Amino acid sequence: MKKTPGKKANPDLGKINRVLAKYKGNKGALIPVLQEVQVALGFLSQDSLRAISEGLAIPLSQIYGVATFYTQFRLKPIGKHLVRVCHGTACHVGGAEKISAAIEAGLSVRDGETTADGKFTVESVACLGCCSLAPVMMVDNDTFGRLTPESAIKAVKEY
Amino acid sequence: MKKATSKAKTLPKKKAVKKPAAPDYRIVVGLGSCGIAAGGHKVKAALMESLKKAKLNVQVSDTGCVGMCYSEVLLDVHHKNGQVYTYGNMTPDRMARFVDEHLAKGQPVADWLVKASDRALPDDSFYAKQKRIVLRNCGDIDPEKIEDYMAHGGYQALEKALKKMSPDEVIKEVLDSGLRGRGGAGFPTGRKWQFARGSRGDKKYIVCNGDEGDPGAFMDRSVLEGDPHNVMEGMLIAGYAIGADEGYFYVRAEYPLAVERLKLAIEQAKKRGFLGKNIMGTKFCFEMKIKEGAGAFVCGEETALMASIEGQRGMPRLRPPFPAVSGLWGKPTNINNVETFANVPWIILNGSAAFASLGTEKSKGSKVFALAGKIARGGLVEVPMGITINEIIHEVGGGIKDGRAFKAVQMGGPSGGCIPAALGSTIVDYDSVGQTGAIMGSGGMVVMDDTTCMVDIARFFLDFTQKESCGKCTFCRVGTKRMLEILERITKGRGQEGDIELLLELAEKIKISSLCGLGQTAPNPVLTTVKYFRQEYEAHIKDKTCPAHSCKELLKYEIVPEKCIGCTACARVCPVTAISGQVKKPHVIDQEACIKCGNCVAKCKFDAIKVR
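This one's a predicted model, so the numbers in the text were calculated from it and none came from an experiment. (Residues numbered from 1 in each chain as written. Chains lettered and ligands numbered in written order. Predicted model: local features only at pLDDT ≥ 70, side-chain atom pairs only at ≥ 80, totals over all residues. Heavy atoms only, no water.)

S.K.: How should the overall build of chain B be read in this particular structure?
M.R.: Along the backbone of chain B there are 23 helices and 18 strands. Projected onto its principal axes, the C-alpha positions of chain B cover 85 × 65 × 40 Å. Relative to its 612 residues, chain B shows a buried fraction of 59%. Sequence separation of at least 24 residues holds for 71% of the intrachain contacts in chain B that already meet a minimum separation of 6. If you sum the accessible surface of chain B, you get close to 24,200 Å²; carbon and sulfur atoms cover 51% of it. Considering chain B, the positive charge centre built from 87 side chains and the negative charge centre built from 69 side chains are found 4 Å apart. (Helix = DSSP H or I, 4+ residues; strand = E, 2+ residues; numbered from the N terminus. Buried < 20%, exposed > 50% of the residue type's maximum accessible area, 1.4 Å probe, protein only. Contact = heavy atoms within 4.5 Å. Areas by Shrake-Rupley, 256 points an atom, 1.4 Å probe, with all protein chains shown as cover. Lys, Arg positive; Asp, Glu negative; His and termini not counted. Charge placed at Lys NZ, Arg CZ, Asp CG, Glu CD.)

S.K.: Any chance you could explain the domain arrangement of chain A here in plain terms?
M.R.: By a widespread convention, an interface's size corresponds to the accessible area lost as its parts come together. Under the domain assignment, chain A is made up of domain 1 (13-69) and domain 2 (81-157). Taking only C-alpha atoms into account, the centre of domain 1 of chain A sits 30 Å from that of domain 2 of chain A. (Domains from an automatic or database assignment.)

S.K.: Explanation requested: the sheet that holds strand β4 (residues 142-144) of chain A in the structure shown.
M.R.: The strands making up a sheet are joined through hydrogen bonds of the backbone, oriented either antiparallel or parallel. Residues and elements named next belong to chain A. Spatially, β2-β1-β3-β4 is the arrangement adopted by the 4 strands of the open sheet, whose pairing is mixed. What marks the edges here is a single partner per strand, and that holds for β2 (120-125) and β4. Geometrically, the sheet is characterised by an average inter-axis angle of 20° between neighbouring strands, direction not taken into account. Looking at chain direction, strand β3 (residues 137-139) and β4 are connected through 3 bridges and run antiparallel. Bridge pairing in β4 places M137 opposite F144. (Pairing = 2+ DSSP bridges. Axes fitted to C-alpha atoms, helices over the stretch in contact; angles between N-to-C directions.)

S.K.: When you look at the environment of K563 of chain B in this model, what are you seeing that I'm missing?
M.R.: All names here are of chain B. Looking at the element boundaries, K563 is found in the loop between β15 (557-559) and α22 (569-573). You can call K563 partly exposed: its relative accessible area is 40%. Discounting residues that sit within four places of it in the chain, K563 has contacts with F606, D607 and A608. Polar side-chain contacts of K563 include one of 3.4 Å to the side chain of D607. (Polar contact = N/O pair within 3.5 Å; in protein donor to acceptor, adjacent residues only side chain to side chain.)

S.K.: I tried to follow the sheet that holds strand β10 (residues 366-373) of chain B on my own but got confused; where do I start?
M.R.: Residue and element names in this part refer to chain B. Strands sit in the order β11-β10-β14-β12-β13 across an open sheet of 5 strands; the sheet is mixed. Pairing within the sheet leaves two strands with one partner each, and these edge strands are β11 (379-384) and β13 (417-420). Averaged over neighbouring strand pairs, the angle between their axes works out to 30° when direction is ignored. Relative to strand β14 (residues 444-449), strand β12 (residues 406-411) runs antiparallel, the two being bridged by 5 bridges. When the bridges of β14 are listed, M411 appears paired with M445.

S.K.: Honestly, helix α3 (residues 46-56) of chain A in this entry has me stumped. Any pointers?
M.R.: Residue pairs spaced three or four apart in an α-helix point in one direction, given the helix's 3.6 residues per turn. Residue and element names in this part refer to chain A. Buried within α3 are the following residues: D47, S48, L49, A51, I52 and S53. In the core, the buried residues of α3 are packed alongside α1 (11-23), α2 (30-41) and α4 (60-69). Where α3 terminates, the next one or two residues include A57, which has phi positive at roughly 55°.

S.K.: What is the right way to look at the interface of chain B and chain A in this model?
M.R.: In this complex, chain B contributes 59 residues to the contact, which on the side of chain A involves 36 residues. The junction of chain B with chain A conceals about 3,500 Å² of combined surface from both sides, 57% of it contributed by carbon and sulfur atoms. In this assembly, chain B and chain A are joined by 0 salt bridges. Linking chain B with chain A are 17 residue pairs in polar contact (both at pLDDT 80 or more), by the criterion used here. (Buried area = accessible area lost by both parts, 1.4 Å probe. Salt bridge = Lys/Arg side-chain N within 4 Å of Asp/Glu carboxyl O.)

See below:
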């Protein structure tokens, strides 16, 4: 609920404005703008959403509605590395629950949480589309397949 | 989102070819998402390292998904004389021997071959019954090079359509081919185009639905990664046919590599004049844009997808008006799935009759399936319509993993159903699959063996649809939640008499009172598993047992005293010290304390622990 005016030279604002400038005048710009701001800043803070609302002249309520509808958007910061454990059909049949359990135990977090040192955020996702290598997980943009509980936690700890 | 993997950066850059003599060997490394996940980049780096030492005249390039995902990493060697050898399960440490024996000495390493043009191999049966139209270039061409696509007939269909055919003739050709929507619903593509062409409007759009959300499906990802130009050419032809000048690729956020390759493909097509103004010197103009999804399964529904492109919450709306009349930004819009568009160039070039000669009376051509689960040869396959499920599983897919029993196959993802092994002779076409209670769907085929619990599978899909329901329709929003709760209590051993009937009642109500396909089909996994595996539900509810030994809460671990030698191995791995006993005397499991983790069973070498 902090107010933005009065704050000087917010470096985030520069990044947001650059994204806004890129999409100025484009139809349907909201989702790509949210996506790019999230890539630049890691998550969508209240201040970011306000700035986007002003920049695109879209009510904040509507932006909040969109940001909470899609699973990709995060309103809270995440850890340095994002561990996504696939729970698609093939991975489920192939033992994804054991992979999640091993990672959660190994990092002492629960699904959706970030480790105390801020290094990892762990989440289960619907399907990463690498079904024939099930069970699968992604750490940031690297995909790991044919996992066992042991190999999964080993791969994560190498980050 | 920008890079496929950070490891890609460490790879040696391909040197610009400086017009040398034709290479003795052309090596192609499979670098689709599956190949990369299996370690494709590491294999390629090791290959480049070994090649550096060997000083051979070899050209190395990349390709998308080859289809034999079960043998990733895959590597093809093309000889000057036309012989082709495919190696499977390649690892970095195999590269030195491969370079030395095959490339330097000319002796292919027979043990590692999975396919070769000069000999018969066991895996030939993977390809024997396939018919590749959509996948004709996948795993063959370099998807990042437009020249490769053009050398395989690329953009000739567009040229033929633009210069030799009227828009109506194009539509007629597609109509005559019998092509039906490959996203799952199976609406005739030509009819859809006719409607969009017939709509009045100063502006029309083409949208490619690449929001492949079904868990267990990866056909569209593989096609977009492996042959992006083919899909784009199909969209251009559709644009010409209906009179559109702008197209959108809507691609799932989870597919960064597909997005990257599409961006590249658009750039290349622009440079060649296949996109932009006056394409190929005709009056036809077309622009192409990419929209990345943001993670919402319901956006696979066409009206939700358009809302998402417009920057809104992806919620479906009532039809009519159909998109062909009022779609994106209120303009006439034609939406087809990736695989549907990928069929179009082939149909235009080879003619509708060639396409219609494949398949059954009402389902023509071929269908791509993503084979996964408990199958020996999981991967991407394309088979003619009319083939049986048994043929796909036992012949193409090589049967069930580890020689276990085939129990069921799940088709159509969360909208589909489980077809039991007893109906394995069902032929693959829209109507026959529909009669089983499942749907053809987009092509996910997840195979299950006797260790898969069907109640748990139904619970898994309801968990998915309940989370993905957009919330607009009450029955879908609340009904799926109630169904999930019932399924959860059944799998936890707290099922009640009458639960099955309650599930069926809710299922019917959700089906008839939901606006879009998500709700209308969400109960299908429950309906089919109750229909074919009712005894499993009853075992959970009445006997509190899980016949597949899969539902944890219903399992009971017991030590067989006659077999236990008292080695204490199990007691040492038990995380809750529930196992007690003296050394060299039979041990006992404290049922109250046991958390059913299964560590003891995995550790016991004497088969002394029974799971009930």
